[in-house]
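# Understanding the architecture of this molecule
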There are 2 protein chains.
Amino acid sequence: MPQSFSIKPIGVVRKTDDFTRIEIFDEYTDGLLGLEGFSHILVLYWFDQNDTPGKRQTLQVHPRKDPSNPLTGVFATHSPRRPNLIALTRCKIVAITGHIIEIEDIDAIDDSPVIDIKCYIPSEDEAVRLPDWARMNRKDTH
Amino acid sequence: MPQSFSIKPIGVVRKTDDFTRIEIFDEYTDGLLGLEGFSHILVLYWFDQNDTPGKRQTLQVHPRKDPSNPLTGVFATHSPRRPNLIALTRCKIVAITGHIIEIEDIDAIDDSPVIDIKCYIPSEDEAVRLPDWARMNRKDTH
């Protein structure tokens, strides 16, 4: 298995007082065809503020930075500290115009590199079990 | 913005007639603490069979390789051909023993590099819109 894989930004998060959007770089705009059929997207972005060896070595955290939550492995969380700094979040589409996806909200900061967009298809209903810390404030997945 | 980011495998998919599992590499095992509280995980793996410039340049596909589905941008699908070869799938945990996560099933081939695991926390209910091709056979998300 190769030691590493290379990923490239395909776009960027833009957040201002006036709008929240994803700007896809021109060369990837053809990849948006048909996205308007969906109400929601999965956005994968890079936690670029944490791209330091120390933060990428973090393996356990208190979820949601709350010390009263039990120490938990990063793979049992959505913590922005993790070996590969991939963030995953669901966004509601407001409008798509050319290479711009206007979205309702995103838990990323302005300028975050976007590395993938996938359509959001809900899973078939199935019983799901969660620990207590994950039941509260589900919206804040990090 | 940097031109590229580096990701490293944190484990590997193992599928045999007897089991389906994710083997997390020893140095990342501490990241699994608390995962047993969840019934399901999100598994991010690398479509390593497609790691060629040609396949990474694919921007439009017929979803689910069905020519009767409309030509669609890869960002409106979960196609294994895309600029960054990140696969995302939900798996049901059967058991966790040390660095091994036994799972019920996964849509990855044996030996696929695993690049991240996140807990699965369902989204709050909200009306979701899908195009016709995405309504059928939801399980086969690719």
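For the structure, check the block above.
In this report, the structure presented in the accompanying data block is examined.

Calculation notes
Residues numbered from 1 in each chain as written. Chains lettered and ligands numbered in written order. Predicted model: local features only at pLDDT ≥ 70, side-chain atom pairs only at ≥ 80, totals over all residues. Heavy atoms only, no water. Phe/Tyr/Trp six-rings, centres within 6.5 Å; stacked < 30°, edge-to-face > 60°. Helix = DSSP H or I, 4+ residues; strand = E, 2+ residues; numbered from the N terminus. Buried < 20%, exposed > 50% of the residue type's maximum accessible area, 1.4 Å probe, protein only. Contact = heavy atoms within 4.5 Å. Buried area = accessible area lost by both parts, 1.4 Å probe. Salt bridge = Lys/Arg side-chain N within 4 Å of Asp/Glu carboxyl O. Polar contact = N/O pair within 3.5 Å; in protein donor to acceptor, adjacent residues only side chain to side chain. Nonpolar A, V, L, I, M, F, W, Y, C, P; charged D, E, K, R; others polar. Pairing = 2+ DSSP bridges.

### Overview of the packing of aromatic side chains
- Inspection of every chain in the model, using the stated rule, returns six aromatic pairs over all chains.
- Consider the rings of Tyr-45 of chain A and Phe-47 of chain A, whose centres lie 5.5 Å apart with planes at 75 degrees: the pair is edge-to-face.
- For the ring pair Trp-133 of chain A and Phe-38 of chain B, a centre distance of 5.9 Å and an interplane angle of 70 degrees mean the geometry is edge-to-face. Of this pair, Trp-133 of chain A sits in helix H2 (residues 132-135) while Phe-38 of chain B sits in the loop between strand S3 (20-24) and strand S4 (40-46), placing the two residues on different chains. Accessibility assignment for this pair places Trp-133 of chain A and Phe-38 of chain B in one class, buried.

### Some details on the interface of chain A and chain B
- Counting residues at the interface gives 71 residues for chain A, matched by 71 residues for chain B.
- Buried area between chain A and chain B, summed over both chains or domains, comes out near 6400 Å², and the portion from carbon and sulfur atoms is 60%.
- The interface formed by chain A and chain B includes two salt bridges.
- The salt bridge involving Asp-116 of chain B is made with Arg-82 of chain A; its shortest N-O contact spans 2.9 Å.
- Inspection of the chain A/chain B interface yields 30 residue pairs in polar contact (both at pLDDT 80 or more).
- At the level of secondary structure, the elements contributing two or more residues to the side of chain A that touches chain B comprise strand S1 (5-7), strand S2 (11-15), strand S4 (40-46), strand S6 (72-73), strand S7 (86-97), strand S9 (113-119) and H2 of chain A.
- In terms of residues, the side of chain A that touches chain B owes the most to one element, S9 of chain A, which gives six residues.
- Classifying every residue of the side of chain A that touches chain B by side-chain character gives 38 nonpolar, 16 polar and 17 charged.
- Where S1 of chain A meets strand S1 (residues 5-7) of chain B, three bridges bridge the pair, whose relative direction is antiparallel.

### Re the environment of Ile-7 of chain A
- Position of Ile-7 of chain A relative to the elements: it lies in strand S1.
- Judged by relative accessible area, which is 0%, Ile-7 of chain A ranks as buried.
- Between the C-alpha atom of Ile-7 of chain A and that of Lys-65 of chain A, which follows or precedes it by 58 residues, the distance is 28 Å.
- Once residues lying within four places of it in the same chain are set aside, the contact partners of Ile-7 of chain A are Trp-46 and Ile-115 of chain A together with Gln-3, Ser-4, Phe-5, Ile-7, Trp-46, Arg-56 and Asn-84 of chain B.

### Side note on the pattern of salt bridges
All names here are of chain A.
- Within the structure shown, the criterion is met by twelve salt bridges over all chains.
- Close ionic contact of Arg-21 with Glu-102 constitutes a salt bridge, the shortest N to O distance being 2.9 Å. Here Arg-21, found in strand S3 (residues 20-24), pairs with Glu-102, found in strand S8 (residues 100-103); they are 81 residues apart in sequence, far enough to count as distant.
- In this structure Arg-21 comes out as buried when scored by relative accessible area, which is 18%.
- In this structure, Asp-51 engages Arg-56 in a salt bridge whose closest nitrogen and oxygen atoms are separated by 3.1 Å.
- Here Asp-51 falls in the partly exposed class, since its relative accessible area comes to 33%.
- For Arg-56, a relative accessible area of 18% gives the class buried.
- A single network of salt bridges, built from pairs that share partners, joins Arg-14, Glu-23 and Asp-111.

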